[in-house]
Amino acid sequence: MFAGALNKGIRGGIAFLTAFFLICVIASCFAPKGVETNNYPNLFYNFFANKIQNKALIVLLNYAFVGLGGLIISLIAVKQEVVEKQNYFPVFIYLAVCIAAINPTQLTPQAFTNVFVLYSTYKLLDIYREDNCLNQIFVAAFWLCVSSFITISSIISFPLFFITLLILRPFYWREWAVALLGFASPIFLYESIAYLSDFNQWYFIKAAELFFNFLKLPSISEYYLPLSILLFILFFLSIASNLINGFGNTVKKQRTKSVLLWYVFLSCLGFFSGGSNGSSILLTYALPLCFFIGDFLFVMKQVKITNTILTLLMLCVLLIFLAEYNLV
């Protein structure tokens, strides 16, 4: 049923993914409330998200960026050889997790951030065994830094950038210098504008301090718990499967999965940081989990079990939609 559509490449998966995506868009258009709200005082919320009140525009922007993220996931999965070319499970899992986590009545900053992080990851993975890749490194660093002006939580990916460079390539000082220049460029541009306008200077430093100093337990809605528990169990099983069967049949797959494991580890650093809630945590972990769980479901030989897992995943998403409609 579901598994048969997602393990046959784009021809088999596009119809199922499109139908699932459009049904969720329609459901969000009529949802009266969100399960969680995001009022964290970041630059994105104060000067953009808080100014947009039109429900249709909010849904359109949220789903546009979720769809863009799904597209980049498919490019990373296929072109960067993270998983098999016929495997579209990662795209579905990413879409399902992000759709469950976005707020139908409010712009969701982390959904926007994910697109820039994913694009940066795509460009960075593209440098594997490339001779002249300074341009790709600069672009990857630039857009990763830009993402931190949407949600400051993406600064936890900054160390991952240099870890990825060490995993994919031997150390070369010019590449690291270009990467630092890429990170510095958005900050320099922003601070130049802030200085000329005499408004909100040193935002990046102040936001980073607030992010790490304001530690607390994340506020997670009970409606996100079934999905979170299911994803955790599937991730644990996928890691066990990789340890038994190996992390891939090519060197690039093995190194890419090492990068994704570092992503999971570093993301834990922001788990207790200011502004964390169930939706932001799910959106942060959507990137690495979709590849590990998607690969695990693809290689699973028992189709009935795979379909059961996908059904449970969709039921968890349905529970969140029912909560948005005040039906549970």
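Located above this text is the structure these notes cover.
Residues numbered from 1 in each chain as written. Predicted model: local features only at pLDDT ≥ 70, side-chain atom pairs only at ≥ 80, totals over all residues. Heavy atoms only, no water.

Quick look at the side chain of Ser 221
- With respect to the helices and strands, Ser 221 occurs in the loop between α10 (203-213) and α11 (225-245).
- For Ser 221, a relative accessible area of 11% corresponds to the buried category. (Helix = DSSP H or I, 4+ residues; strand = E, 2+ residues; numbered from the N terminus. Buried < 20%, exposed > 50% of the residue type's maximum accessible area, 1.4 Å probe, protein only.)

So, helix α8 (residues 158-168)
- Taking burial as the measure, the 11 residues of α8 include eight buried ones, the bulk of the element.
- Taken as a whole, α8 has its buried residues at Phe 158, Leu 160, Phe 161, Phe 162, Ile 163, Thr 164, Leu 165 and Leu 168.
- Tucked into the core, α8 has its buried residues touching α6 (109-125), α7 (134-147), α9 (173-197), α10 and α12 (251-267). (Contact = heavy atoms within 4.5 Å.)

Examining the nonpolar core
- Of all hydrophobic cores here, the largest spans 111 residues; its most connected members are Tyr 63, Phe 92, Ile 99, Phe 161, Phe 291 and Leu 297.
- In terms of residues, this core owes the most to one element, helix α13 (residues 278-299), which gives 13 residues. (Core = buried A, V, L, I, M, F, W, Y, C linked by side-chain atoms within 4.5 Å.)

Describing the side chain of Thr 113
- Relative to the assigned elements, Thr 113 resides in helix α6.
- Polar contacts involving the side chain of Thr 113 include one to the side chain of Thr 151, which spans 2.5 Å.
- Among all residues touching Thr 113, those that are not within four sequence positions of it are Ser 147, Ile 150, Thr 151 and Ser 154. (Polar contact = N/O pair within 3.5 Å; in protein donor to acceptor, adjacent residues only side chain to side chain.)

Remarks on the pattern of salt bridges
- Counted by the stated rule, this structure contains two salt bridges.
- Put simply, Asp 295 and Lys 257 hold a salt bridge, and the shortest N to O gap is 2.5 Å. Note that Asp 295 is positioned in helix α13 and Lys 257 in helix α12, a separation of 38 residues in sequence.
- Take Asp 295: its relative accessible area is 14%, and that puts it in the buried class.
- Residue Lys 257 is classed as buried on the basis of its relative accessible area, which comes to 3%. (Salt bridge = Lys/Arg side-chain N within 4 Å of Asp/Glu carboxyl O.)

Description of a nonpolar patch on the surface
- A contiguous nonpolar patch, built from Ile 220, Leu 225, Ile 229, Phe 232, Ile 233, Phe 236 and Leu 237 and spanning about 680 Å² of accessible area, is present on the exposed surface.
- With respect to the helices, strands and loops of the structure, Ile 220 is situated in the loop between α10 and α11. (Patch = residues over 30% accessible without salt bridge, like charges linked within 9 Å, V, L, I, M, F, W, Y side chains within 5 Å. Areas by Shrake-Rupley, 256 points an atom, 1.4 Å probe, with all protein chains shown as cover.)

Structural measurements only, silent on function.
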